[in-house]
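Next come the chains, spelled out residue by residue.
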Protein chains: 2
Amino acid sequence: MNSTGQLVFPIVSKSIVYSEYGDPSSVLKCHSYEINEPKDNEIIIKNLACPVNPSDINQIQGVYPSKPKLTTDLGTKEPSAVCGNEAVFEIIKLGKSVSGNDFKIGDWVLPAGVNFGTWRSFAVATPSDLLKISNDKISVNQAATIAVNPSSAYQMLTFYQKLQPGDWFIQNGGNSQVGKAAIQIGKKLGLNSISIVRDRPDLDSLKDELYKLGATKVITEEENASKQFGSTIKEWLDGKSITLALNCIGGSNCTNMVRKLGKDAILLTYGGMSMKPVSIPTSLFIFKDLTAKGFWITENIKKFPGSRPETIAKVLKLMESGDIIDSEYSSITFDPLTTTDEEFLEAFKNAYANSKSGKQLIRFESEYPSV
Amino acid sequence: MNSTGQLVFPIVSKSIVYSEYGDPSSVLKCHSYEINEPKDNEIIIKNLACPVNPSDINQIQGVYPSKPKLTTDLGTKEPSAVCGNEAVFEIIKLGKSVSGNDFKIGDWVLPAGVNFGTWRSFAVATPSDLLKISNDKISVNQAATIAVNPSSAYQMLTFYQKLQPGDWFIQNGGNSQVGKAAIQIGKKLGLNSISIVRDRPDLDSLKDELYKLGATKVITEEENASKQFGSTIKEWLDGKSITLALNCIGGSNCTNMVRKLGKDAILLTYGGMSMKPVSIPTSLFIFKDLTAKGFWITENIKKFPGSRPETIAKVLKLMESGDIIDSEYSSITFDPLTTTDEEFLEAFKNAYANSKSGKQLIRFESEYPSV
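Remember, it's a predicted structure, so these values are computed and weren't measured experimentally.

Overview of the packing of helix α4 (residues 149–158) of chain B against helix α5 (residues 177–188) of chain B
Residue and element names in this part refer to chain B.
- Orientation of α4 relative to α5, taken along the N-to-C sense of each, is 50 degrees, at an axis distance of 8 Å. In terms of axis orientation, α4 runs oblique to α5. Handedness of the α4/α5 crossing: right-handed. For the pair α4 and α5, contact is made by Asn149, Pro150, Ser152, Ala153, Tyr154, Met156 and Leu157 and by Gln177, Val178, Ala181, Ala182, Ile185 and Gly186, respectively.
- Across the contact of α4 with α5, the residue classes break down as nine nonpolar, four polar and no charged.

What to know about helix α13 (residues 341–353) of chain A
Residue and element names in this part refer to chain A.
- Given a rise of 1.5 Å per residue, 13 residues ought to cover 18 Å, and the 18 Å separating the end C-alpha atoms of α13 matches this to within 8%.
- Of the residues making up α13, those classed as buried are Phe344, Leu345, Ala347, Phe348 and Ala351. An end-on view of α13 places all buried positions within 150 degrees of arc, on one side of the element. Relative to its buried face, α13 has exposed residues pointing more than 90 degrees away, namely Glu342 and Ala353.
- Taken together, the buried residues of α13 touch β1 (11–18), β2 (29–35), β3 (43–51), β16 (330–334) and β17 (360–364).

A short note on the sheet that holds strand β2 (residues 29–35) of chain B
Residue and element names in this part refer to chain B.
- Here three strands make up an open sheet; going across it, the order is β2-β1-β4 and the pairing antiparallel. Bordering the open sheet on either side are β2 and β4 (81–82), each of which pairs with just one other strand.
- Here strand β1 (residues 11–18) runs beside β4; their pairing, made up of two bridges, is antiparallel. Looking at β4, one finds that tyrosine 18 is bridged to alanine 81.
- Its contacts with the sheet put helix α13 (residues 341–353) on β1 and β2, and the angle it makes with β1 is roughly 45 degrees.

Thoughts on the side chain of A:Asn256
- Summarising the element assignment, A:Asn256 is placed in helix α9 (residues 251–258).
- Those residues in contact with A:Asn256 that lie beyond four places of it in its chain are A:Asn224 and A:Ala225.

Considering the environment of A:Glu90
Residues and elements named next belong to chain A.
- In this fold, glutamate 90 is placed in strand β5 (residues 88–94).
- For glutamate 90, a relative accessible area of 8% puts it in the buried group.
- Taking the C-alpha atoms as reference points, glutamate 90 and isoleucine 44, separated by 46 residues in sequence, lie 8.6 Å from one another.

Some thoughts on the interface of chain A and chain B
- Contact residues are listed per partner, giving 28 residues for chain A and 28 residues for chain B.
- Summing both partners gives a buried area of about 2400 Å² for chain A against chain B, and 55% of it is carried by carbon and sulfur.
- The three residues of chain A that bury the most area against chain B are A:Phe285, A:Ile286 and A:Phe287, which together make up 23% of that side's buried surface.
- Scanning the region where chain A abuts chain B turns up six salt bridges.
- If you look at where chain A meets chain B, you find eleven residue pairs in polar contact (both at pLDDT 80 or more).
- Looking at the side of chain A that touches chain B, the elements that each hand over two or more residues are β13 (261–269), β14 (278–280), α10 (282–288), β15 (291–294) and α11 (297–303) of chain A.
- For the side of chain A that touches chain B, the residue count by class is 14 nonpolar, seven polar and seven charged.
- Here β14(A) pairs with strand β14 (residues 278–280) of chain B via three bridges, running antiparallel.

Quick notes on the environment of B:Lys104
All names here are of chain B.
- Looking at the element boundaries, lysine 104 is found in the loop between β5 (88–94) and β6 (108–111).
- On the basis of relative accessibility, which here comes to 46%, the residue lysine 104 falls in the partly exposed class.
- Considering only alpha carbons, one finds lysine 104 and lysine 132, 28 residues apart in sequence, at a separation of 9.8 Å.
- If near-sequence neighbours (up to four positions away) are discounted, lysine 104 is found in contact with Ile91 and Leu94.

Observations regarding the confidence of the model for chain A
- Averaged over chain A, the pLDDT score is 94; the fraction of residues at 70 or greater is 97%.
- Predicted as a complex, the structure gets a pTM of 0.93 and an ipTM equal to 0.91.

Quick look at the relation of the copies chain A and chain B
- With an RMSD of 0.0 Å, the fit of chain A onto chain B corresponds to turning through 180 degrees and sliding 0.0 Å along the axis. Classification of the inter-copy transformation places it as that of a two-fold axis. Taking C-alpha positions as reference, the residue of chain A nearest the rotation axis is A:Ser279, located at 2.0 Å.
- Here 100% of the contact residues of chain A are again contact residues in chain B; the copies associate through an equivalent surface.

Thoughts on the UniProt feature "domain: Enoyl reductase (ER)" (unreviewed entry) in chain A
- UniProt tags residues 22–362 of chain A as "domain: Enoyl reductase (ER)" (unreviewed entry).
- Taken end to end, residues 22–362 of chain A has its terminal C-alpha atoms 21 Å apart, with 33% of it in helix and 24% in strand.

A word on the packing of aromatic side chains
- Taken as a whole and assessed by the stated rule, the structure comprises 24 aromatic pairs over all chains.
- Pairing A:Phe287 with B:Tyr64 gives two aromatic rings, centres 5.4 Å apart and planes at 80 degrees, and the pair type is edge-to-face. Residue A:Phe287 is found in helix α10, and its partner B:Tyr64 is found in the loop between α2 (54–61) and β4; the two belong to separate chains.
- When its relative accessible area of 9% is taken as the criterion, B:Tyr64 is described as buried.
- Three or more aromatic residues joined by ring pairs make a cluster, and in this case those are A:Trp119, A:Phe344, A:Phe348 and A:Phe364.

Comments concerning the nonpolar core
- Grouped together as the largest cluster of nonpolar side chains are 44 residues, with contacts concentrated most on A:Leu267, A:Ile280, B:Leu267 and B:Ile280.
- Leave out the neighbours within four places in its chain, and A:Ile280 touches A:Val258, A:Leu267, A:Phe285, A:Leu290, A:Ala292, B:Pro277 and B:Val278.

What about the state of the cysteines?
All names here are of chain A.
- On inspection of all chains with the given rule, the structure shows zero disulfides over all chains.
- For cysteine 83, which is in no disulfide, the shortest distance to another cysteine sulfur is to cysteine 50 and amounts to 9.8 Å.
- The class for cysteine 83 is buried, based on a relative accessible area of 1%.
- Cysteine 248 forms no disulfide, and the closest cysteine sulfur to it belongs to cysteine 254, at a distance of 9.7 Å.

A closer look at the environment of A:Pro309
Residue and element names in this part refer to chain A.
- Looking at where proline 309 falls in the secondary structure, it is placed in helix α12 (residues 307–320).
- The partly exposed category is assigned to proline 309, whose relative accessible area is 41%.
- Proline 309 sits 130 residues away from glycine 179 along the chain, and the two C-alpha atoms are 21 Å apart.

Quick notes on the pattern of salt bridges
- Per the counting criterion, the structure on display carries 24 salt bridges over all chains.
- B:Glu299 is the partner of A:Lys263 in a salt bridge, and the nearest nitrogen-oxygen pair spans 2.9 Å. Here the residue A:Lys263 occupies a position in strand β13, and B:Glu299 occupies one in helix α11 (residues 297–303), the pair thus bridging two chains.
- Among the residues examined, A:Lys263 registers a relative accessible area of 38% and is labelled partly exposed.
- When its relative accessible area of 9% is taken as the criterion, B:Glu299 is described as buried.
- Ionic contacts of the salt-bridge type, sharing partners, join the residues A:Lys104, A:Asp107 and A:Lys132 into one network.

Analysis parameters
- Residues numbered from 1 in each chain as written.
- Chains lettered and ligands numbered in written order.
- Predicted model: local features only at pLDDT ≥ 70, side-chain atom pairs only at ≥ 80, totals over all residues.
- Heavy atoms only, no water.
- Axes fitted to C-alpha atoms, helices over the stretch in contact; angles between N-to-C directions.
- Helix = DSSP H or I, 4+ residues; strand = E, 2+ residues; numbered from the N terminus.
- Parallel < 35°, antiparallel > 145°, perpendicular 65-115°, else oblique.
- Left-handed = near helix turned anticlockwise from the far one by under 90°.
- Contact = heavy atoms within 4.5 Å.
- Nonpolar A, V, L, I, M, F, W, Y, C, P; charged D, E, K, R; others polar.
- Expected span 1.5 Å × (residues − 1).
- Buried < 20%, exposed > 50% of the residue type's maximum accessible area, 1.4 Å probe, protein only.
- Arc of directions from axis to C-beta.
- Pairing = 2+ DSSP bridges.
- Buried area = accessible area lost by both parts, 1.4 Å probe.
- Salt bridge = Lys/Arg side-chain N within 4 Å of Asp/Glu carboxyl O.
- Polar contact = N/O pair within 3.5 Å; in protein donor to acceptor, adjacent residues only side chain to side chain.
- pLDDT = per-residue confidence, 0-100.
- Least-squares fit on C-alpha atoms with pLDDT ≥ 70 in both.
- UniProt positions renumbered as here; feature names shortened; annotations may be inferred.
- Phe/Tyr/Trp six-rings, centres within 6.5 Å; stacked < 30°, edge-to-face > 60°.
- Core = buried A, V, L, I, M, F, W, Y, C linked by side-chain atoms within 4.5 Å.
- Disulfide = S-S within 2.5 Å.

Structure, rendered in structure tokens:
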């Protein structure tokens, strides 16, 4: 792209790569490489925005079982991988044999599979790498983060337990990205929810926020741990039982949550923020026939073929209808064509450093027209 | 029955009952009551043998969720229930309308459902209460204890995970009644097993016993806990993975066992002898897609209709073919017609007192002919 907006190849793509596992603040490098005119079956895409997710960080640390292959394909000295698993890209150039029915310039696309490597400004893809999404009614932020958190919430609420309108689920980490999505999706499905959050000075404002999203009940960890409070919950349930629990914390928080479940319930564990194991009294397993399972959306791509595009289509619809609202995030925005390698690297390192304090998004905006 | 062997009604039945929950050594009473000639649809049965199972004890203590109703049906002063859930009975008299095709005098029968109340010398039943079993090739001991332990082992090995010959399962409590049954049934199904047992002075003789039953590998809790020993197990597996674990212990024993499992495995918890919860690292749930479930054969009667007679038929066949051998037990044998109420009660209290040191069986034998 030159300064008049005309696309001139080669384009320089900046990417964040690692060649060894470790702390992101030390192992990440910026690698620039040239992208040429697309081959017949290729599509050139430009990054609009990508999040820095906890799972991306774990992948760099080497503690995430889904690992991209380290290669020298992009011209790195050492075999390396591009970080990141989630982003929304815009198509800027199509190879001759790519069908205009499926893809056209200006379309928004997501990686169709895992380990695409999304922390880069431009990329070369083939049609099977990409999933096109409508961009009429959703924000760049929503599109960039549709595939992990809200999709996880959607699958957890619909794939495992046949919940009917009026049924209840419970979750800890109620104010996490997944938790907020579960509240909103649950409301749309007609479900009642109990969301457990940590006590905090601004508890009331957090509760307000979650109630506005559609939470039925929001309780603190202390209330969750209290035997007396159990009778309050029973009153809420009014004879119903809770048959689904979503756990991203573990430890005693999770144990206390599981005690709220009725017979034949399912506990889905998708995170372990307390770093403590999932600990369940034997009697709940035997006499309540509890089923405890893990949830990993990356694995579900293989386990439930077709689930990724289906889920994204469902969640997209909920976003378009305003049933899932745009969530707050911290972002760093810059023009990838004029930034230096150092600035590019710094942006991702900053997002990593801030990643415990909320959703981190890297946004790419240039003064140049998109195409 | 008189001393010449002729059945004379009324018969006096002795039963062990409780009218309040508590320690069996204090709440159990012997209640004698008369049984008259059977009504048209009734069957009079005589107890041959009944075990004193841990779950029977928990039921008396009031900590078992499956509770028989307390009634005065048998003429007790206080509403009471007859203890016991497992026994083999012999039919001694049929009502006029009971089909001789289904039941005949001399047949061995088991309770078809739960909470029949088996700690009594004689009982009145209707056809739907009873499940007839062949008595050609099995012992009274085997018949009296077919419905809980070996049936649990059979269902755990066949209902949850589709294991093929050559596949592996792992279990703790390898020398428990269920453990020994699982070893034998597993062998017959062509499965490989790893059985975890506590270290003990006579470890070698215990190992010998389990290997003779068909155990593939027997390891100690210490070996199960050792990281180094993991590589030995990997060698045994020779590229296969373990996809089923049976847990009756909980605590660290169970956690270490779960670490041996491959992807998509199932952990079935049927007991918690350590009194510690089932504790599972979050990563095993998420990245290995572990499913942890409870197993309770009492509940499976409802959950899998028809499962009880089917399972008993399968296990019976394995007993008849010698694939499940008669197990050791401590027994008290007496003639229910000549014993006193005090002796009758004492026998059950003794079996309770000894119940931690192995399988306890009460056998009823009289000098009188059966029918």
